[in-house]
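Read off the chains here:
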Amino acid sequence: MKLFSAVTVSTALVGLASALDLRLYTAINCDASFGWRQCGNLPAGVCCSAPDVPAAAMSLSSVAGVADFSGWGNQGCQAPLALRSSSGGCVSGGFA
């Protein structure tokens, strides 16, 4: 499984009206009972990291106006890229 430590969001629209809430989950199925961290009001292009535990999955509060979001293998939102998606719901890092 690919774990990731940070995420970024890019938008399809310049000047997206509202920022998004993004959750990082320790379980691949976004089961909150195993723990999660939230980056609230995350604007496009800002790195959100979970320094205490690597994430196995993530979800966005909304994908309206989102071009894609990326999960990164380090806390600085730099390579290696662990996942990229433009879908809603729970997105896991998958398997290597």
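The protein chain is annotated in an unreviewed UniProt entry as Hydrophobin from Candolleomyces aberdarensis.

A.B. asks: What exactly am I supposed to notice about the overall build of the protein chain here?
C.D. replies: Each helix and strand counted, the protein chain has zero helices and eight strands in total. In sequence order, the secondary structure elements of the protein chain are arranged as β-β-β-β-β-β-β-β. For the protein chain, the residues scored as buried account for 34% of the 96 residues in total. At a minimum sequence separation of 6, the contacts of the protein chain that also span at least 24 residues come to 66%.

A.B. asks: How should the nonpolar core be read in this particular structure?
C.D. replies: Soluble globular proteins tend to bury their nonpolar side chains together. Residues Val9, Leu22, Leu24 and Met58 are the most contacted members of the largest nonpolar core, which totals 15 residues. Contributions of two or more residues to this core are made by β1 (6-11), β2 (20-25), β3 (36-42) and β5 (57-60). Top contributing element to this core by residue count: β2, with three residues.

A.B. asks: Quick question: what am I supposed to make of the side chain of Ser59 here?
C.D. replies: The residue Ser59 is located in strand β5 in this model. Classification of Ser59 as buried rests on a relative accessible area of 14%.

A.B. asks: Mind showing me how you'd approach the packing of aromatic side chains here?
C.D. replies: For any pair of aromatic rings, the description consists of the separation of the ring centres together with the inter-plane angle of the planes. Applying the stated rule across the entire model yields zero aromatic pairs. Lying over the aromatic face of Trp36, Arg23 brings its terminal NZ or CZ to 3.7 Å of the ring centre.

A.B. asks: How do you make sense of unusual backbone geometry when you look at a structure like this?
C.D. replies: The phi angle of most residues is negative, glycine excepted, and most peptide bonds adopt the trans form. Of note, the amide linkage connecting Ala79 to Pro80 takes the cis form, showing an omega dihedral of 15°. Note that Pro80 resides in the loop between β6 (66-72) and β7 (81-85). Although it is not a glycine, Cys30 sits at a positive phi angle of roughly 60°. Tracing the backbone shows Cys30 in the loop between β2 and β3. Note on Cys30: relative accessible area 15%, which makes it buried. Phi at Cys77 is positive, roughly 55°, even though this residue is not glycine. Residue position: Cys77 is located in the loop between β6 and β7.

A.B. asks: Could you clarify how one ought to interpret the sheet that holds β2 in this entry?
C.D. replies: Taking strand neighbours across the sheet as the criterion, the four strands line up as β3-β2-β5-β8 in an open arrangement whose pairing is antiparallel. Across the chains shown, the open sheet's two edge strands, defined by having one partner strand only, are β3 and β8 (91-92). Relative to β3, β2 runs antiparallel, the two sharing five bridges. Counterpart to Leu20 in the pairing with β3 is Leu42.

A.B. asks: How should the environment of Ala79 be read in this particular structure?
C.D. replies: Along the chain, the position of Ala79 falls in the loop between β6 and β7. On the basis of relative accessible area, Ala79 is assigned to the exposed category, the value being 62%. Each residue touching Ala79, except ones within four places of it in the same chain, is listed here: Trp72 and Asn74.

Conventions used here
Within every chain, residues take consecutive numbers counted from 1 along the sequence as written. Reporting in this predicted model follows two pLDDT cut-offs: at least 70 for local features of residues, and 80 or more for side-chain atom pairs to be given and counted; totals over whole chains, interfaces and linings ignore these cut-offs and use all residues. As a rule here, side-chain values come from all non-hydrogen atoms in the structure, and water together with hydrogens is ignored. For the purposes of this entry, the term helix denotes a DSSP run of H or I that reaches at least four residues, the term strand denotes a run of E that reaches at least two, and both are numbered from the N terminus. Working definition: with a 1.4 Å probe on protein chains only, accessible area under 20% of the residue-type maximum means buried, over 50% means exposed, and in between means partly exposed. Only heavy atoms matter for contacts: two residues are in contact if any of them lie within 4.5 Å across the pair. Side-chain atoms within 4.5 Å are what join buried Ala, Val, Leu, Ile, Met, Phe, Trp, Tyr and Cys residues into a set we call a nonpolar core. Aromatic pairing here means that ring centres of Phe, Tyr or Trp (its six-membered ring) are within 6.5 Å. Orientation follows from the plane angle: under 30 degrees is stacked, over 60 is edge-to-face, and everything else is tilted. The criterion is that NZ of a Lys, or CZ of an Arg, lies within 6 Å of the ring centre and within 35 degrees of the ring normal, and then a charge sits over that ring. By this definition, two strands are paired if DSSP reports at least two bridges between them.

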